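# Observations on the three-dimensional arrangement
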Amino acid sequence: MSRISLILVSLLVASTSASHICLQTACSSFNVESDIVIVVDASNAYDQVTFEQIRTFLLNFVSSLTVSPLDSQVALYAYGSSAQTVASLNDGSSLGSIQAKINTTLKYQGSAERNLFQALTKVQAEVSSMSGMRSGDYKKVLVILSGDSWTGNTVIGSSVLTQLKQKFNVIMSVGFGAKALANLNSQLPQITTATTNTFFAATSDQLTYVSAWMAALCCPGVQFSTVSPAPTTVPTQSPSVSCPLASLTYDVYLIVDVSNKASAADFAAMKTAIHNFVAPFAIGDLGTSFALVTTGIDSQLFFTNFKNGQSRGDVLTAVDGLLQDDVPGQTLNLALSAIQGYLAQPTSASKKIMAYFTSTTAWDVSPISTMNSLKSKYSLSPVAVQWGASASTSDLTNLVGGANCVNVVSNKAASPQWLQNKMCSKVFC
């Protein structure tokens, strides 16, 4: 798998697991019976070569379906400086027809404009029974693929987005590429119909997982209704922690090594430690907020409702669901790039903390310069938990700026309290 500039949920999100994703689907993609509308970014968010990779992804996705007037139909729109109708649902009711539209009608605009609002307005106006949308039990699915921040009218909060959420059973969003990871990590989840419906992918090799994820959400019975999670009780903090954690208002960026440098048992123990670190805080917009990025052979930003009504369950579900790569690799510099969009947002947090859990410092690119830039520009205070012996204490000290900000773990069960006391002391490097 190539290295990425991070998704996402999610990304991925609760449904968006690590790069080696295991998707449990309710049906085979060949058995999906849905009207699927895909809106594709054709702007200069991508170069021509990358756009051709998107074209291949679309061809592979439609080929995974049974496309017919009785099974799945696929409509396709593109946007840049203008919105383009590539294929209506009627056009996309046979595999050969939609493949031809993708191959010949879909055009790369390469513009600096990314007018998603215009494209969604076109979808709302054109997608109807007249253009092939079916009634009855056929599921209505909208997929929005974006590569960078949008121009034109505001989409979030618009009446057209409200109308689309009434028209479609499921709306999902895909952030593809480095610019999406940096500039759309809070916006993309807001245009979907569920908090788990955003997938961030930074390189084309991850589009295979996007395709499988899309097919899973197109299955019948998935997300027609949303069940609210039961409220959770705030766990009691350890008596060894020197301040009431519920009183802290920090933004915490968790960066977690998912490479195979830790044993399976050590990786499971690390997840438990991170869970125990997070759990006692008062989590949410008025308390402490947590962002989550995994890093290994690639890196992925998870959607945790950061600064968007975050709950304890949003964070702990994402942490508990982390999967370990089966290969070595560490793309920390790209993981740091992934959080810049969040760091740049206005915040009422009293401090911004980065907590890096790792069993290796075999970084593909030195992250020192990027880290120093984040510290200077955004007042980010980094700390590191040296979880395994393959991580170099001196490298981590150079990364965070001092030995006092590196926990060389001897008692792994106590590492949550070390981090919590560090936040209580408010003394960083």
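Everything in this summary refers to the structure shown in the same document. (Residues numbered from 1 in each chain as written. Predicted model: local features only at pLDDT ≥ 70, side-chain atom pairs only at ≥ 80, totals over all residues. Heavy atoms only, no water.)

For the protein chain, the helix and strand inventory stands at 13 helices and 12 strands. Taken over 429 residues, the protein chain has a buried fraction of 57%. When the accessible surface of the protein chain is totalled, it reaches about 15700 Å², and 52% of it is carbon and sulfur. (Helix = DSSP H or I, 4+ residues; strand = E, 2+ residues; numbered from the N terminus. Buried < 20%, exposed > 50% of the residue type's maximum accessible area, 1.4 Å probe, protein only. Areas by Shrake-Rupley, 256 points an atom, 1.4 Å probe, with all protein chains shown as cover.)

Moving on, we come to the nonpolar core. Nonpolar side chains tend to gather and get buried jointly when the protein is soluble and globular. By size, the foremost hydrophobic cluster in this structure holds 63 residues, and its most contacted members are Y253, L254, F277, V278, F290, Y356 and F357. Ignoring any residue separated from it by four or fewer positions in sequence, one finds Y356 in contact with I255, T295, Q330, L332, W363, V383, A384, V385, L396 and L399. In this structure, V32, I36, F61 and A201 belong to the second largest nonpolar core, which totals 41 residues. (Core = buried A, V, L, I, M, F, W, Y, C linked by side-chain atoms within 4.5 Å. Contact = heavy atoms within 4.5 Å.)

This next bit is on the pairing of strand β10 (residues 351-358). A regular strand carries its side chains on alternate faces of the sheet. Counting buried positions along β10 yields seven of eight residues, so the element is predominantly enclosed. One ladder, built from seven bridges, connects strand β7 (residues 250-257) with β10; its direction is parallel. What sits directly across from V252, in β10, is I353. The pairing of β10 with strand β11 (residues 380-386) spans seven bridges and is parallel. (Pairing = 2+ DSSP bridges.)

Two numbers describe how helix α1 (residues 48-63) lies on helix α6 (residues 207-217): the axes approach to 10 Å, and their chain directions differ by 40 degrees. Crossing geometry of α1 relative to α6 is assigned as right-handed. Of α6, the residues touching α1 (which contributes Q53, F57 and F61) are L207, V210, S211, M214 and A215. Its residues assigned to classes, the contact of α1 with α6 shows six nonpolar, two polar and no charged. (Axes fitted to C-alpha atoms, helices over the stretch in contact; angles between N-to-C directions. Left-handed = near helix turned anticlockwise from the far one by under 90°. Nonpolar A, V, L, I, M, F, W, Y, C, P; charged D, E, K, R; others polar.)

It is worth spelling out unusual backbone geometry at this point. One non-glycine residue with positive phi stands out, namely S379, at about 55 degrees. Within the secondary structure, S379 is located in the loop between α11 (368-378) and β11.

Bringing empty space enclosed by the protein into the picture now. Computed from the structure, the largest cavity encloses a volume of approximately 40 Å³. Lining the largest cavity, in full, are D251, Y253, F306, K307, Y342, L343, Q345, P346, T347 and K352. Listing elements by their share of the lining of the largest cavity, those giving two or more residues are β7 and α10 (340-343). For the lining of the largest cavity, a count of residues per class yields five nonpolar, two polar and three charged. (1 Å grid on protein atoms, 1.4 Å probe; cavity = no way out; pocket = protein on both sides within 12 Å on 5 of 7 lines; lining within 4 Å. Points joined across faces, edges and corners; volume = space filled by probe spheres on them.)

Sheet strands pair via backbone hydrogen bonds, and the direction of the pair is either parallel or antiparallel. Read across the open sheet, the six strands follow the order β3-β2-β1-β4-β5-β6; overall the sheet is mixed. The outermost strands of the open sheet, each flanked by one partner alone, are β3 (83-87) and β6 (198-201). Ignoring which end each strand starts from, the neighbouring axes of this sheet average 20 degrees apart. Strands β2 (73-79) and β3 of the sheet are contacted by helix α2 (residues 95-105), whose axis makes an angle of about 140 degrees with β3.

A full pass over the atoms with the stated rule returns two disulfides. Each sulfur of the disulfide joining C405 and C429 lies 2.2 Å from the other. Residues C405 and C429 share a disulfide whose torsion about the S-S bond is about 105 degrees; that sign makes it right-handed. In this pair, C405 sits in the loop between α12 (393-400) and β12 (406-408) while C429 sits in the segment after α13 (415-425), placing the two residues 24 residues apart along the sequence. (Disulfide = S-S within 2.5 Å.)

Right, let's get into α1. A rise of 1.5 Å per residue sets the reference length of α1, with its 16 residues, at 22 Å; its end C-alpha atoms lie 23 Å apart and thus fit the reference within 8%. All of the buried residues along α1 are T50, F51, I54, R55, F57, L58, L59, F61 and V62. The inward-facing, buried residues of α1 contact β1 (34-41), β2, α2, β4 (139-146), β5 (170-176) and α6. (Expected span 1.5 Å × (residues − 1).)

The next subject is the packing of aromatic side chains. In this structure the tally under the stated criterion is eight aromatic pairs. Relative to F176, the ring of Y46 has its centre 5.4 Å away and its plane inclined at 35 degrees; by these criteria the two rings are tilted. One end of the pair, Y46, is in the loop between β1 and α1; the other, F176, is in strand β5, with 130 residues separating them in the sequence. Under the relative-accessibility criterion, F176 is labelled buried at 2%. (Phe/Tyr/Trp six-rings, centres within 6.5 Å; stacked < 30°, edge-to-face > 60°.)

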